[in-house]
Amino acid sequence: MNKVMRLHGSKINRKKHIKFKFNDKEMTGVDGDTLASAMLANGQMLFARSFKYHRPRGVLTAGSEEPNALVNFFNDHSWEPNTKATTIELYDGLLAKSQNHKGSLEFDFMAINDYFHKFLSAGFYYKTFMWPKSFWEKIYEPVIRSAAGLGTLEKKDDPSIYDKGFLHCDLLVIGAGPAGIMATLTAAKNGLKVILCEEDFVLGGRLNADTEFINEQAGSAWADDKLDEIKQFANVKVMIRTSVYGSFDHGIFGAVERKTDHIRSSGGKPRQILWRIYTKRSILTAGALERFISFGNNDRPGIMLSSAIRTYLNRWGVCPGKRIALFTNNNDGWRTARELRDSGCNVVAVIDSRMESSNQLDGVPTFKGETIIDTRGRKRIKSIELKDGTTIETDCLGVSGGWNPNIHLSCHQRGKPVWDDKKLCFLPDKIPFGMKVAGSANGKFLLSDVMRDSIQKTEQIVKELGYKYKKISVPKCTGEDLIIEECWEVSGTKSRSWVDLQNDVTSKDIYQSYLEGFHSVEHLKRYTTLGMATDQGKSSNVLGLAIMAKIQKTTVGDVGTTIFRPPYTPVAIGTLAGRARGKEFRPYRLTPSHNWATEMGAVFVETGNWLRAQWFPKPNEKHWRQSVDREVLETRKSVGICDVTTLGKIDIKGRDAGEFLNRVYANNFGKLEVGKTRYGLMLRDDGVAYDDGTTARLSDNHFMMTTTTANAVGVFRHLEFCRQCLWQELDVHMISSTDGWAQYAIAGPNSRKLLQKIVDDNYNIENENFPFMACGEITICGGTAARLFRISFSGELAYELAVPSRYGDSLIRILMEAGKEFNAVPYGTEALGVMRIEKGHAAGNELNGQITAQNLGMGKLISKKNDCIGNLMSEREEFEAPESLRLVGFIPVEKSKSLTAGSHLFSRSIEHKMENDEGWLSSVAYSPNLEHSIGLGFIKNGHNRIGETVVAVNLINNQLLDVEIVSPHFLDPEGERLRA
């Protein structure tokens, strides 16, 4: 521990020592440390290497705005690159490694880039890699890709668990510094439901880093007392380790809560939670961030922001140097000098760029009206050189260039801040509805002003929400005003002056951007890469804009700023994904027969959100086609059972339900008899086919519509739009019952005999009493309610039996047990597809959004007795053209050949090019009944070309195949089987 100087910090427990490793070197910290504070306490000033020139870099800040100290962090059995050492909580056994270097951190071979900096200035890649053209793919691109980035990914699955959640509140308080504490306390006492979010792992903000007094009590102690009081309120939720990363429409905020990053192993708990927070009002109390000054070689390890030195001193008890100098253009730098000296640290100089500064520190050399033009020291600063030639030996330099209000979240909805010429910072303007900005984030830098502003803004929110306001008094605070003068860049130095430390952007790069015509802030950012880093320019943007303003001889306000956008701090892709990874990448649904199908060894396929049985292999079957062929043949021979629950099911009721269906379907349903089912085709507004299915009339005012699996949700939304917006006068009510009913297709010559074994005796389902397209509400198995539809997708005698979903698993088992007498076989989606192609039924492949009823051969289905959606547009001349596409069947001339779906069709002896294209194959399958490949497809004037031979062209496989145009009804074209 005796590496630098460990003093007493306000937020550490010096009695609890913690061991950790950096670059395999064992070090010791204390409870409450961050990795950065612990490394500084161990004398480790070199943390990383810069992006382009690989210059040595130390820690600059003490928070999430850190641009330099990025490490590879081992967490829960995986390495995560580009993690800020300033935000990593220390725990026993922590492992971290430096990154972005070849060789060791101390001896980086890539540092040779620094000697060629004249050739690697801003925009060099745009100019250099243009010629010779042949070098791009073989030389330039591989080199650029290998050099890109800072850290390196492991290329392994992230073992961590991430989760998502939703929160609601009256008021979201963002930041738990003095302003956030006062806002929370004020709102809580007035009855508001409050969420207080703080990205740090302790609450109090700058009160933990400064020595101000509030009500004659140390600021840190005051914060602890108030937070204990806040936690007593049942209407307040305090969330530490939570970064609010984005502000979105309607008062919605995104936040990331780090749940287990601070412990050695998550123990199976989520590492991070992505919260979506719904608010009525929000108050941004995120404070302000100190900024840098650009001067010669201002990037050396040991050069830090003045406020960061004060934070390491007061919060963590770390004095980061033995000879500390301060360089400032405002009063805040003097505060650091005083607190360092009062703590026993050695302050060797204070350089104040202001000539009229009244600050003084007894016994400390003071240089007023002076600036630093250069520094010395490679891996740690050794000395500074002033403009007057004075050289001062120092191993730590604190720099204070002023403060930037932390207003990013106020700008995420395209609001641009305004420049304040007196405070020399951007202030919030045109903030999102419902948001207020208070405290230092609103440009209040005196602690008493911070408190007053926070209470006033919260009072406004309380009244806006209709609560009776209870007055809160403003605490008595110490502190002094900032009093700042411009000092952005020190001129007269021959050395490079750094602006963006992470991206190696210098003031020279900004001058070059201007000379080459890139004047606007957007161009400046992209040409120089200013602010394109993990800190998103928090420490560099304003400095870069000020230098551009100086070049243009205008104000920073006139130059403007780029638009801030989410995320405020980097968010891991794993956090955004949550549990949606691997099998859980998207939600999936299971059919009622899923468990039974799993027991039967079914192979499953994703169909939309559903997992459906694709086929049911038997032990002796080595290829999927063997299983599918068997299922098709045995179904057509006796009986097969398929789970068709995934079909959309919509219950439609009401006095005008029939009229409603007349308007949404192309064919008539208003005169459909009770107990009957009818096939229906639905059109879009433009007359193109949208969906098809069957609708059964269960009573005068009750219809049951089925849709395709793929369009179940879309059709329901469409119907609701029609009901609510187009025809509000109709008495119609609808509910999606897809989840409410399990439904099975029972198909084949013995399907009726199987059903008769489970349908209760008082229901007669013989052909004369229950013919093709009949429907009815029945009971089965001794009184269980069910619905029976005599419809067929396979072309066989077939039924669809529906029961409430809770009986779905039992029903498939009962059906299979009852079917043993008939050698009943379960069949999956592949066999279902084969049988529907054999029968010529159109499905999703045919209803692709560009096909009309005429193309399907259903033009006469469109009723002209009543109007319907798409009716008029379906009469367009092109839709009725003789040469329009028609759905027909195709078989290969050589029966041993296989058709390929997607193949395009051409007349024989013409060139195979786009203008001669006549159609395509939409669905193909091997028919075990016909013992050759068959297909459905569209070809011009197809219905008049039966028997003609054309060529199917598959350009992907370079295949040409002669095919014969046939009827789309390959089996039982007269429909005798399904009417049996």
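Refer to the structure presented above.
How each quantity is defined
Residues numbered from 1 in each chain as written. Predicted model: local features only at pLDDT ≥ 70, side-chain atom pairs only at ≥ 80, totals over all residues. Heavy atoms only, no water. Helix = DSSP H or I, 4+ residues; strand = E, 2+ residues; numbered from the N terminus. Buried < 20%, exposed > 50% of the residue type's maximum accessible area, 1.4 Å probe, protein only. Areas by Shrake-Rupley, 256 points an atom, 1.4 Å probe, with all protein chains shown as cover. Lys, Arg positive; Asp, Glu negative; His and termini not counted. Charge placed at Lys NZ, Arg CZ, Asp CG, Glu CD. Salt bridge = Lys/Arg side-chain N within 4 Å of Asp/Glu carboxyl O. Pairing = 2+ DSSP bridges. Axes fitted to C-alpha atoms, helices over the stretch in contact; angles between N-to-C directions. Core = buried A, V, L, I, M, F, W, Y, C linked by side-chain atoms within 4.5 Å. Contact = heavy atoms within 4.5 Å. Disulfide = S-S within 2.5 Å. Expected span 1.5 Å × (residues − 1). Arc of directions from axis to C-beta. Parallel < 35°, antiparallel > 145°, perpendicular 65-115°, else oblique. Left-handed = near helix turned anticlockwise from the far one by under 90°. Nonpolar A, V, L, I, M, F, W, Y, C, P; charged D, E, K, R; others polar. Polar contact = N/O pair within 3.5 Å; in protein donor to acceptor, adjacent residues only side chain to side chain. 1 Å grid on protein atoms, 1.4 Å probe; cavity = no way out; pocket = protein on both sides within 12 Å on 5 of 7 lines; lining within 4 Å. Points joined across faces, edges and corners; volume = space filled by probe spheres on them. Patch = residues over 30% accessible without salt bridge, like charges linked within 9 Å, V, L, I, M, F, W, Y side chains within 5 Å.

Draft legend 1. Looking closely at the overall build of the chain. Helix and strand counts for the chain stand at 20 helices and 50 strands. Along the longest, intermediate and shortest principal axes, the C-alpha atoms of the chain span 115 × 75 × 55 Å. Looking at the chain as a whole, 59% of its 980 residues qualify as buried. When the accessible surface of the chain is split by element, carbon and sulfur atoms take 52% of a total near 42,300 Å². Placing the 125 positive and 118 negative side-chain charges of the chain at their respective mean positions leaves the two points 4 Å apart.

Draft legend 2. Layout of the pattern of salt bridges. The tally for this structure, following the rule as stated, stands at 56 salt bridges. Of the charged contacts in the structure, one is a salt bridge between Lys 189 and Glu 229, with a shortest N-O distance of 3.5 Å. Taken as a pair, Lys 189 in helix H4 (residues 178-189) and Glu 229 in helix H5 (residues 219-230) lie far apart in primary sequence, 40 residues in all. Note on Lys 189: relative accessible area 31%, which makes it partly exposed.

Draft legend 3. Structural detail: unusual backbone geometry. In this chain, Pro 566 is followed by Pro 567 through a cis amide linkage whose omega measures 0°. Secondary-structure assignment places Pro 567 in the loop between helix H12 (556-559) and helix H13 (573-577). The backbone of Leu 424 sits at a positive phi, close to 55°, despite the residue not being glycine. You can see Leu 424 is positioned in the loop between strand E26 (418-420) and strand E27 (425-427). Classification of Leu 424 as buried rests on a relative accessible area of 4%. One non-glycine residue with positive phi stands out, namely Thr 529, at about 65°. On the secondary structure map, Thr 529 appears in the loop between helix H10 (521-528) and helix H11 (541-552).

Draft legend 4. Main features of the sheet that holds strand E5 (residues 70-75). Judged by pairing direction, the sheet is mixed, and its 5 strands sit side by side in the order E2-E1-E7-E5-E6 without closing on themselves. Each edge of the open sheet carries a strand with a single partner, namely strand E2 (25-31) and strand E6 (78-84). The average undirected angle you get between the axes of adjacent strands in this sheet is 35°.

Draft legend 5. Up close: the nonpolar core. One finds Leu 35, Phe 47, Leu 94, Tyr 312, Phe 327, Ile 384 and Leu 397 to be the most contacted residues of the largest nonpolar core, which totals 101 residues. Among the elements that make up this core, the one with the highest residue count is H11 (8 residues). What Phe 47 contacts, discounting residues up to four positions off in sequence, is Phe 22, Ala 36, Met 39, Leu 40, Arg 57, Gly 58, Val 59, Ala 69, Ala 85, Ser 98 and Leu 105. Among the nonpolar cores identified, the runner-up in size contains 34 residues, and Ala 689, Leu 847, Ala 853 and Phe 938 belong to it.

Draft legend 6. Region of interest: the state of the cysteines. Counting across every chain of the model gives 0 disulfides. With no disulfide of its own, Cys 411 has Cys 425 as its nearest cysteine by sulfur position, at a separation of 12 Å. Assessed through its relative accessible area of 1%, Cys 411 is described here as buried.

Draft legend 7. Representation of H5 within the structure. Relative to the 16 Å expected for 12 residues at 1.5 Å per residue, H5 spans 16 Å between its end C-alpha atoms, a close match to the ideal helical length. Looking only at H5, the buried set comprises Gly 219, Ser 220, Trp 222, Ala 223, Leu 227 and Ile 230. Viewed end-on, H5 has its buried residues packed into an arc of 155°, placing them on one side of the element. Buried residues in H5 make contact with H4, strand E9 (194-197), strand E10 (213-214), strand E11 (217-218), strand E12 (236-239) and helix H8 (447-464).

Draft legend 8. Here's a closer look at the sheet that holds strand E32 (residues 603-607). The strand order across the open sheet built from 3 strands is E31-E33-E32, with neighbouring strands paired in mixed fashion. Looking along the sheet, the strands with just one partner apiece sit at the ends: strand E31 (589-590) and E32. The pairing of E32 with strand E33 (residues 610-615) spans 5 bridges and is antiparallel. Residue pairing across strands places Phe 604 opposite Ala 613, the latter belonging to E33. Sheet contacts for helix H20 (residues 829-839): E32 and E33; angle to E33, the most-contacted strand, approximately 70°.

Draft legend 9. Layout of the packing of helix H9 (residues 507-515) against H10. For the pair H9 and H10, the least separation of the axes is 10 Å and the interaxial angle reads 125°. Considering their axes alone, H9 and H10 lie oblique with respect to each other. The interaxial crossing formed by H9 with H10 has right-handed handedness. For the pair H9 and H10, the contacting residues are Asp 509, Ile 510, Gln 512 and Ser 513 in the first and Leu 524, Tyr 527 and Thr 528 in the second. Of the residues in the contact of H9 with H10, the class split is 3 nonpolar, 3 polar and 1 charged.

Draft legend 10. Seen up close, the pairing of E9. On E9, burial covers both faces: Val 194 and Leu 196 on one face and Ile 195 and Cys 197 on the other are all buried. In the sheet, E9 pairs with E12 via 4 bridges, with the strands oriented parallel. Its bridge partner being in E12, Val 194 is matched across the sheet by Val 236.

Draft legend 11. Just the side chain of Thr 279, in detail. Mapped onto the secondary structure, Thr 279 falls in strand E15 (residues 272-284). Classification of Thr 279 as buried rests on a relative accessible area of 12%. Polar side-chain contacts of Thr 279 include one of 2.7 Å to the backbone oxygen of Gly 251. Beyond its immediate chain neighbours, meaning those up to four positions away, Thr 279 contacts Cys 169, Leu 172, His 250, Gly 251 and Phe 253.

Draft legend 12. Seen up close, empty space enclosed by the protein. Counting across every chain of the model gives 9 cavities of 30 Å³ or more. In this structure, the largest cavity spans a volume of roughly 170 Å³. In terms of lining residues, the largest cavity is bounded by 16 residues, among which Asn 404, Pro 405, His 408, Val 542 and Phe 564 are the most central. Those elements that provide at least two residues to the lining of the largest cavity are strand E25 (403-405) and H11. For the lining of the largest cavity, the leading source of residues is H11, giving 3 residues. Across the lining of the largest cavity, the residue classes tally to 8 nonpolar, 7 polar and 1 charged. Roughly 130 Å³ of internal volume is contained in the second largest cavity.

Draft legend 13. Representation of a nonpolar patch on the surface in the model. There is a patch of nonpolar side chains on the surface, built from Ile 112, Tyr 115 and Phe 116 and spanning about 370 Å² of accessible area. With respect to the secondary-structure elements, Phe 116 resides in the loop between strand E7 (94-97) and helix H2 (124-128). Phe 116 sits in the partly exposed class, given a relative accessible area of 42%.

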